[in-house]
Amino acid sequence: MKNIILTGDRPTGNLHIGHFVGSVRTRLKIQEKGDYEKFYIMIADTQALTDNAKNVDKVTNSVIQVVLDYLSAGIDPEKTCIFIQSLVPELFEITSYFMNLVSVARLKRNPTVKSEIGMRGFENTIPAGFLCYPISQAADILAFNANIIPVGNDQLPMIEQTREIASTFNSTYGEVFTLPKAVLPEIKACERLPGTDGKLKMSKSVGNCIYLKDSPEEIKQKIMSAYTDPDHIKVSDPGKIEGNIVFIYLDAFCKDEHFAKYLPEYKNLDELKAHYQRGGLGDVKVKLFLNNIMQEVLAPIRERRAYYEQNIDKIYQMLFKNSEEASKEARKTLENMKEKMALNYKEIAKKA
Ligand code: ATP
Ligand code: MG
């Protein structure tokens, strides 16, 4: 069986380096290999509205921003189908049927949703749509029979829930769905990149991000004020690398060749870490090294963005066309589901 890939992002702001290492970089590798039948990338505007119902403009304006970030990062619209969730109405219908297969208790146990409820202060005011978004996410994946889902590890509970819904549907009504698999980034630090504040996951909704579109000055300013080891006060003090944002970002981005180019007194990251842990290596030196690397990674993305920003109209046309194509594909799945569910009044009428 050839792979069908589906992945996506919520249009709640611009993409950041957490998205880049957590999901976009995996997408680029898959795109380069080309070993798939279809590669869908969904802008999850309906999902974004589940916690932004009173902020529709933020969501709609972010759609084009996220697409510009994709294209600038190297996602090729010729090789992928980038579409807008709300333009595929079949997804709502599929969600409705799935709602009956999941208990409220199961939804409340989802650890990612639990922590997001805390982050958003929703304890007693959770919108029903927000609690149920993992069901709608299952519909997004299963509508296209996607089997490979490149994500960061906060999405693992969603994929698990999708698999449960798929098997419940199959065993209740008949085989329609294959069970999808999450694909995590190869580097551990990239599975859930923390924000520059060192507290939480880097997240658009928290505002602790280095964005792909940030200017060279913004990147440097964010790196120079990033959280390190609060007990590493004097250069001579031994430093901790665990939980140290600068070293976590180096794990995610640094290659041996960066040392030859920017910090030739060390051969590799292990040597740099060992020196920091022993003492005698200051934060500023490590931060300036990280800044050089991040500038190198983000400059070409920023330059490509300037080109795509001149072609917004064409990008919207591409999104509309792709969304129609996605809608046709989802309709096939929906028809198949309804047939298995025997939800077919024309047949029932014939027999009456
Ligand atoms: P929001 O705060 O609105 O939820 P977000 O920053 O969490 O936004 P999403 O659109 O929810 O971003 O996530 C899109 C994809 O990026 C998912 O696959 C998710 O796992 C991945 N991702 C998001 N943040 C990170 C991160 N800090 N590290 C690794 N992957 C991430
Ligand atoms: Mg998120």
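Residues numbered from 1 in each chain as written. Chains lettered and ligands numbered in written order. Predicted model: local features only at pLDDT ≥ 70, side-chain atom pairs only at ≥ 80, totals over all residues. Heavy atoms only, no water.

**Comments concerning the side chain of Thr 80**
Point 1. Relative to the helices and strands, Thr 80 resides in the loop between helix 3 (56-73) and strand 3 (81-84).
Point 2. From its side chain, Thr 80 meets the backbone oxygen of Asp 76 in a polar contact 2.9 Å long.
Point 3. Apart from residues no more than four positions distant in its own chain, Thr 80 is found in contact with Gln 31, Phe 39, Ile 41, Ile 75 and Asn 322. (Helix = DSSP H or I, 4+ residues; strand = E, 2+ residues; numbered from the N terminus. Polar contact = N/O pair within 3.5 Å; in protein donor to acceptor, adjacent residues only side chain to side chain. Contact = heavy atoms within 4.5 Å.)

**Considerations on the packing of helix 3 against helix 15 (residues 312-340)**
When two helices pack together, their arrangement is given by the angle between the helix axes and by the axis-to-axis distance.
Point 1. Two elements in contact, helix 3 and helix 15, have axes whose closest approach is 11 Å; the angle formed by their N-to-C orientations is 95°. Classed by the angle they form, the pair helix 3 and helix 15 counts as roughly perpendicular. Counting all contacts with helix 3, which are made through Ile 64, Val 67, Leu 68 and Leu 71, the residues of helix 15 involved are Ile 312, Ile 315, Tyr 316, Met 318 and Leu 319.
Point 2. A per-class count over the contact of helix 3 with helix 15 returns 9 nonpolar, no polar and no charged. (Axes fitted to C-alpha atoms, helices over the stretch in contact; angles between N-to-C directions. Parallel < 35°, antiparallel > 145°, perpendicular 65-115°, else oblique. Nonpolar A, V, L, I, M, F, W, Y, C, P; charged D, E, K, R; others polar.)

**A look at the site of ligand 1**
Point 1. Looking at ligand 1, there are 22 residues lining it, with Thr 12, Asp 154, Lys 201, Ser 203 and Ser 205 nearest.
Point 2. Here an oxygen atom of ligand 1 and a side-chain polar atom of Thr 12 are 2.7 Å apart.
Point 3. Note that a nitrogen atom of ligand 1 is positioned 3.3 Å from one of the backbone N or O atoms of Gly 18.
Point 4. Relative to its unbound accessible surface of 600 Å², ligand 1 loses 97% to contact with the protein.
Point 5. At a threshold of 2 Å from the grid points, most atoms of ligand 1 map onto the largest cavity. (Near = heavy atom within 4 Å. Areas by Shrake-Rupley, 256 points an atom, 1.4 Å probe, with all protein chains shown as cover. 1 Å grid on protein atoms, 1.4 Å probe; cavity = no way out; pocket = protein on both sides within 12 Å on 5 of 7 lines; lining within 4 Å. Sits in = over half its atoms within 2 Å of the grid points.)

**Details of the domain arrangement of the chain**
Point 1. Taken domain by domain, the chain comprises domain 1 (3-192 + 312-351) and domain 2 (216-306).
Point 2. With 15 residues of domain 1 at the contact, the number on the domain 2 side is 11 residues.
Point 3. For the pair domain 1 and domain 2, the summed buried surface comes to about 950 Å²; carbon and sulfur atoms form 65% of the total.
Point 4. Of all residues in domain 1, Ile 17, Ser 72 and Ala 189 bury the most surface against domain 2, accounting for 51% of the area lost on that side.
Point 5. In this structure, Arg 305 and Asp 69 form a salt bridge, with 3.1 Å as the shortest nitrogen-oxygen distance. (Domains from an automatic or database assignment. Buried area = accessible area lost by both parts, 1.4 Å probe. Salt bridge = Lys/Arg side-chain N within 4 Å of Asp/Glu carboxyl O.)

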